[in-house]
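Examining the three-dimensional arrangement
Here are the chains, one letter per residue:
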Number of protein chains: 2
Amino acid sequence: MCPLVSFTCLPVVQGESNAMDNVATERLAEESHRQDSANLLIFIMLLTLTILTIWLFKHRRFRFLHETGLAMIYGVLVGVILRFGVHVPQSMSDVILGCAVNASPATLLVNVSGRFYEYTLKGEVSRGKGHQVQDDEMLRKVTFDPEVFFNILLPPIIFHAGYSLKRRHFFRNIGSILAYAFMGTVISCFVIGLVMYGVVSFMKVVGQLGGDFYFTDCLFFGAIVSATDPVTLLAIFNDLQVDVDLYALLFGESVLNDAVAIVLSSSIVAYQPAGDNSHSFEALAMLKSFGVFLGVFSGSFALGVATGFMTFTKLRDFPLLETALFFLMSWSTFLLAEACGFTGVVAVLFCGITQAHYTFNNLSPDSQDRTKQLFELLNFLAENFIFSYMGLTLFSFQSHVFNPMFIVGAFVAVFLGRAANIYPLSFLLNLGRKNKIGSNFQHVMMFAGLRGAMTFALSIRDTATYARQMMFSTTLLIVFFTVWICGGGTTPMLSFMSIPVGVDSDQDNSVTVLDGSQRRNTKHESAWPFRIWYNFDHNYLKPLLTHSGPPLTATMPTCCGPLARCLTSPQAYENEGRLHDDDSDFILNDASVSSMYADITVSMDASGRTINCSSSTRASDEGLDHELALAEHEVAIRGTRLVLHNSSHLISQENGIC
Amino acid sequence: MCPLVSFTCLPVVQGESNAMDNVATERLAEESHRQDSANLLIFIMLLTLTILTIWLFKHRRFRFLHETGLAMIYGVLVGVILRFGVHVPQSMSDVILGCAVNASPATLLVNVSGRFYEYTLKGEVSRGKGHQVQDDEMLRKVTFDPEVFFNILLPPIIFHAGYSLKRRHFFRNIGSILAYAFMGTVISCFVIGLVMYGVVSFMKVVGQLGGDFYFTDCLFFGAIVSATDPVTLLAIFNDLQVDVDLYALLFGESVLNDAVAIVLSSSIVAYQPAGDNSHSFEALAMLKSFGVFLGVFSGSFALGVATGFMTFTKLRDFPLLETALFFLMSWSTFLLAEACGFTGVVAVLFCGITQAHYTFNNLSPDSQDRTKQLFELLNFLAENFIFSYMGLTLFSFQSHVFNPMFIVGAFVAVFLGRAANIYPLSFLLNLGRKNKIGSNFQHVMMFAGLRGAMTFALSIRDTATYARQMMFSTTLLIVFFTVWICGGGTTPMLSFMSIPVGVDSDQDNSVTVLDGSQRRNTKHESAWPFRIWYNFDHNYLKPLLTHSGPPLTATMPTCCGPLARCLTSPQAYENEGRLHDDDSDFILNDASVSSMYADITVSMDASGRTINCSSSTRASDEGLDHELALAEHEVAIRGTRLVLHNSSHLISQENGIC
């Protein structure tokens, strides 16, 4: 192992042989590199093991434990082994002298016998432990730089969530989702913050608190544990095939509140050191913090959407180049946002949604597959890595502060915060919604508020102070509890709440359509501001940014004729015939509902085989929401059995061919 | 920018506010993170620009400059801008005090007013410049840790080279390829080393040498510039469709000599500091070095092949899991080799070859596509990144030592080294080969010895001493020259040497077959040790490790019946009928040559449509070498026009369906 030398200010024998120095340094570097490889190998092996077990579970249709829970268990096991099984003591000369500098620069240049070595700042080492700095080399080595989570592992997960969002149901419930995600998360954050402040104040009185814990710390804790996790949820609900609206509400909320939580927590951090050390509540600073929140959020949003718009590719003939470009553009969104001081993760989320909506239509069919598969793989690896790392840190992290009172308080606070989010908001939303959110749905939403990767990443980002260490340990327990207990208990919970599982989204829809009235609710639900935007999008943005949709010449006022002609791509004219079915999976207004029924059956028979293979709107829009679109078709054709058979036959053929 | 503070040993005012410290540190870290993002963004933009230009070039069928050359040009441009356009001076308090430690540990703990900060060693800073340490923050920032190349960028490139190797032609010419790659590279290394030693000695006499330059340095230089690059070559020759044997020789040599060069150079480094400072030639140490070479090479080889064998997947129903597992296994080969002290890159190369030969057959068709596309993308990105970074370092690297005499000497040495590799070896090989390597082929092989990513990565790995800096600068020029001049001049060179380009591999083969005698040459060329191995592989290894090939029950002696039965997978029995065409694209012995002719035409008509879609041997083996396999079929069927049309129709249909 490489020695961790506490910096000593000793004069040095200058006459040493340079060559010997060189050799020693090289050996040291080689040894260190070897150990790094071995440590990374541990994680790779963990992932491999997880994959094999997942396969076994899927193979045997064993559904009690989700793969993320599994990854965590393996992580815990390896953590235990590393903690208690292997002990690699450090060969360090523990001489801490008073040789202190007056700042901790990011880069340090050290003069060793006339040669300069560059050192980069890795972070602060646990202060509380003072002299007995982390004594186990192995454990120290398997600890990653927290920035790795934010800059490498989270972006693909969040991008994939945006890119694979089932936009139809998402946009149908957009109002409710936004309410839960924005207002709900803020409510939850403040409720948890206030409860925790009470707990902490009580602990101070009782004398259970071993360090400072300010009100802003409580709010920060509230922000990080308010982010519910889309990963585990998505997988469980997808397997179970629950009600599509419930799915959309939960998934939409949990994707967006990750974004809200990340911006909220950074606003609180920006608010925290407001010049002085007060850490108390100030109206003005609070307002400023709110301004930061709005600025960062809208900035990140704008940037993500702008890059999504910009990725306007004409490289259809070269799928490799196209995929590479797509990947690079998505990544550069993240980097650009970070470089501008916005939040990369939020930008990447909206970039993903925009790209799925516009760019995806421009890609060649080959690239559509490639990008989906690529991000699916990246997401899968990143997600399992995070969860197994989570398990590992339970034992490998050396500055845990487990305070029973704080932990109990936190569990209560999280429960209350979630309740204060779901129930009042659902009540308010139900006043406006025709398609009410039933109380059983509300209970499930309450129960299914799992905490996952984002909460972990936010809490591990800074574990320097006592307060943050306590938060981190508690957060870890909350994540474990929710993933194992709530995740595993979802199936019983659903049956207890008499929410039908195994509902094919077809059947669910067919019920909606057959009585006909609920369709209108859907229409009402997508309120007027959204309908205006939808029309604008359908008539102008889509034709402008993609090869699909109606040509601009048809939608723009006649006075703009020449402009429209030069902006319309040649392919767009070909689509003119099939306008209505294009966005049928997206939103329905009165006109399209009726016309659609007639339209689809015809176009299915008429254009037949080539629908999916061509680059037409239809095919591309179907890409992501394929099963849902299929459902829609089947519904529309329900009257005639013959046509139904015909079309499903066609579709399966098309799938086979493409 | 973050200040680069030369470490100062000042006593510190301890009474400072901790909170203020915290804020300052956080701001600093944030600023640093922001700049890192901006720098990475530069590279992403560079890559994006390269992709767009490549597309333009491909679109306009402009073939003069290869994409790697293009990436380099963009890199140079950005390097010039960063060097001369932007100047970000450092805000550093340049007080270098005598506070020196007596070692340069990998980790440093610095005590700043009672708080401990951890620093990690980044590397040595150019010694020659002493006090005026790199003065441009921006340039310092865009410089990557050289290990990034070895641990992140090279593995996917090398793995892809192995995985996409056209095994049929490779194995047909295996003897010659091994001769060029092993003996040739060693010859080249020593010729270049000796010539350079002459040049350096002369420079020392003339007084042109500004530092130490030992004989081992010369040999090291010889090793690193002996690695020819498969990337550029592969692309150019693939586009031009030159003679398959020439292609196989060049590609096989350049893939394998990367492996040889990397092990050779590390053996030389291991030999270099042989306890004392002599740096002179010693027979015993030399022998030891040779031992190290053999040990490391065979160890890496064994490890790579072993992991290739081990990746034995039954996850066919879950392509995502399968692809993830495949990816992780390949990566863990690299890490395992590094952790064991072997060479990860070499292990990954053989792992790729083995996996293409065995594992690929076990993958589901979906995973076969996914893995190919994934590694294609990774390879593309990594390769373009390396080449644009190469361009960038020409101006951004701050310790260049351009010595005209050394540079001229190096170019001459490289030329002589290549000549001493190709011409004598070709002469010797031609004594044994029936299918002679013509003198025009030899000239092209001489000319097409491009240097690329591996040479660069090896030379940037260590740029601490004067000798290494001079090597690095010279290497950079050699890479630029060969990629631009030799790469761009390949097309004129081929036509000058009257080597037909645009040869469809079909026609080339048909000539070979029609006169019939050359087939036998091919057979003779794959000499007896190889034939034995081939039979062993075909009869035992393939059936054991994959679902393809004949069942073991048919190939093993009858006494091993029960064992054979339990080792044979159920699918293997299905393949029993079509044994001969299975490996037809791999090697030909007398029996199979004749039987193949009859066999293929029949099986084409009989099994018809399902051949490619099923997971049979045929389909999987065809995967990688598809166009070559097609050629073979067409050749076999050449007698009957009707069948030919029929089969090509079938094949195109199959391609459409799968």
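Residues numbered from 1 in each chain as written. Chains lettered and ligands numbered in written order. Predicted model: local features only at pLDDT ≥ 70, side-chain atom pairs only at ≥ 80, totals over all residues. Heavy atoms only, no water.

A separate point is the overall build of chain A. When helices and strands are counted, chain A shows 29 helices and 3 strands. Of all 658 residues assigned to chain A, the portion counted as buried reaches 60%. Expressed as a percentage of contacts within chain A between residues at least 6 apart in sequence, the contacts between residues at least 24 apart total 81%. Carbon together with sulfur atoms contributes 65% to the accessible area of chain A, which is approximately 25300 Å² in total. (Helix = DSSP H or I, 4+ residues; strand = E, 2+ residues; numbered from the N terminus. Buried < 20%, exposed > 50% of the residue type's maximum accessible area, 1.4 Å probe, protein only. Contact = heavy atoms within 4.5 Å. Areas by Shrake-Rupley, 256 points an atom, 1.4 Å probe, with all protein chains shown as cover.)

This part is about the nonpolar core. Membership of the largest hydrophobic core comes to 293 residues, with the highest contact counts inside it found for F221 of chain A together with F221 of chain B. Ignoring sequence-local partners within four residues, the contact set of F221 of chain B consists of I192, M196, F406, A410, M471, T474, T475 and I478 of chain B. (Core = buried A, V, L, I, M, F, W, Y, C linked by side-chain atoms within 4.5 Å.)

Attention now goes to the pattern of salt bridges. Here the structure, examined in full by the defined rule, presents 6 salt bridges over all chains. Salt bridges sharing common partners tie together D366 and R370 of chain A together with E376 of chain B. (Salt bridge = Lys/Arg side-chain N within 4 Å of Asp/Glu carboxyl O.)

Moving on: the environment of L70 of chain B. One can find L70 of chain B in helix α2 (residues 67-85). On the basis of relative accessibility, which here comes to 7%, the residue L70 of chain B falls in the buried class.

Residues and elements named next belong to chain A. Looking at chain A, pLDDT values average 71 and 63% of them are 70 or higher. Confidence over residues 1-17 falls short of pLDDT 50; this stretch has 52 contacts with residues more than four positions distant or in other chains. The ipTM value of the predicted complex is 0.73, and its pTM value is 0.75. (pLDDT = per-residue confidence, 0-100.)

Residue and element names in this part refer to chain A. One pass over the full model with this rule turns up 56 aromatic pairs over all chains. Judged by centre distance (5.8 Å) and plane angle (40°), the ring pair of F43 and Y389 falls under tilted. Here F43 is found in helix α1 (residues 18-59), whereas its partner Y389 is found in helix α13 (residues 365-396), with 346 residues between them in sequence. On the accessibility criterion, F43 (2% relative accessible area) is buried. Residue class for Y389 comes out buried when judged on its relative accessible area of 1%. Geometrically, the ring pair formed by F213 and F406 is tilted, given 5.3 Å between the ring centres and 55° between the ring planes. In this pair, F213 sits in the loop between α6 (174-206) and α7 (215-224) while F406 sits in helix α14 (residues 404-432), placing the two residues 193 residues apart along the sequence. On the basis of relative accessible area, F406 is assigned to the buried category, the value being 0%. (Phe/Tyr/Trp six-rings, centres within 6.5 Å; stacked < 30°, edge-to-face > 60°.)

A separate point is the side chain of Q469 of chain B. Residues and elements named next belong to chain B. Here Q469 lies in helix α17 (residues 466-488). Among the polar contacts listed, one links the side chain of Q469 to the backbone oxygen of T463, at a separation of 3.2 Å. Aside from chain neighbours lying at most four places away, what touches Q469 is S399, V401, T463 and A464. (Polar contact = N/O pair within 3.5 Å; in protein donor to acceptor, adjacent residues only side chain to side chain.)

Side chains that are three or four residues apart share a direction in an α-helix, a result of its 3.6 residues per turn. For helix α17 (residues 466-488) of chain A, which comprises 23 residues, the first-to-last C-alpha distance of 32 Å matches the rise-based estimate of 33 Å (1.5 Å per residue) to within 8%. The element α17 of chain A is extensively covered by neighbouring structure, given that 19 of its 23 residues are classed as buried. (Expected span 1.5 Å × (residues − 1).)

Residue and element names in this part refer to chain B. Mapped onto the fold, R433 is located in the loop between α14 (404-432) and α15 (439-447). Using a relative accessible area of 6% as the deciding quantity, one classes R433 as buried. Along the chain, R433 and A339 lie 94 residues apart, while their C-alpha atoms are 41 Å from each other.

Residue and element names in this part refer to chain B. Packing of helix α4 (residues 147-163) against helix α16 (residues 453-460) brings their axes to within 11 Å, and their N-to-C directions diverge by 165°. As the angle between them shows, α4 and α16 are arranged roughly antiparallel. Crossing angle aside, the handedness with which α4 passes α16 is left-handed. Residues F149, F150, L154 and I158 of α4 touch α16, and the partners they reach there are A453, M454, F456, A457, L458 and I460. (Axes fitted to C-alpha atoms, helices over the stretch in contact; angles between N-to-C directions. Parallel < 35°, antiparallel > 145°, perpendicular 65-115°, else oblique. Left-handed = near helix turned anticlockwise from the far one by under 90°.)

Moving on, we get to helix α12 (residues 344-362) of chain A. A bend of about 50° at Q355 of chain A is the largest found in α12 of chain A. α12 of chain A sits mainly inside the fold: 19 of its 19 residues count as buried. (Bend = angle between axes of the 7 residues up to and from the residue.)

Time to look at a nonpolar patch on the surface. Together, V408, V412, F415 and L416 of chain A line one region of the surface with nonpolar side chains, adding up to about 370 Å² of accessible area. Tracing the chain through its elements places V412 of chain A in helix α14. (Patch = residues over 30% accessible without salt bridge, like charges linked within 9 Å, V, L, I, M, F, W, Y side chains within 5 Å.)

Let us look at the packing of α4 of chain B against helix α13 (residues 365-396) of chain B. All names here are of chain B. Following both chains from N to C, one finds α4 and α13 inclined at 130°, their axes separated by 8 Å at the closest point. In terms of orientation, α4 lies oblique with respect to α13. Read as a crossing pair, α4 and α13 show a hand that is left-handed. Residues F149, L153, L154, P156, I157, F159, H160 and Y163 of α4 touch α13, and the partners they reach there are T371, K372, F375, E376, L378, N379, A382, E383, F385, I386 and Y389. Residue classes in the contact of α4 with α13 are distributed as 13 nonpolar, 3 polar and 3 charged. (Nonpolar A, V, L, I, M, F, W, Y, C, P; charged D, E, K, R; others polar.)

Further remarks concern the environment of F360 of chain A. Residues and elements named next belong to chain A. The topology assignment puts F360 in helix α12. Given the relative accessible area of 1%, F360 is considered buried. In sequence terms F360 and Y163 are 197 residues apart; their C-alpha atoms lie 9.3 Å from each other.

Turning next to the side chain of H400 of chain A. Residue and element names in this part refer to chain A. For H400, the position within the fold is in the loop between α13 and α14. There is a polar contact of 3.0 Å between the side chain of H400 and the backbone oxygen of T393. Within the structure, H400 has its side chain in polar contact with the backbone oxygen of L394 (distance 3.2 Å). In this view, H400 contacts T393, L394, F472, S473 and L476; residues no more than four positions away in its chain are not counted.

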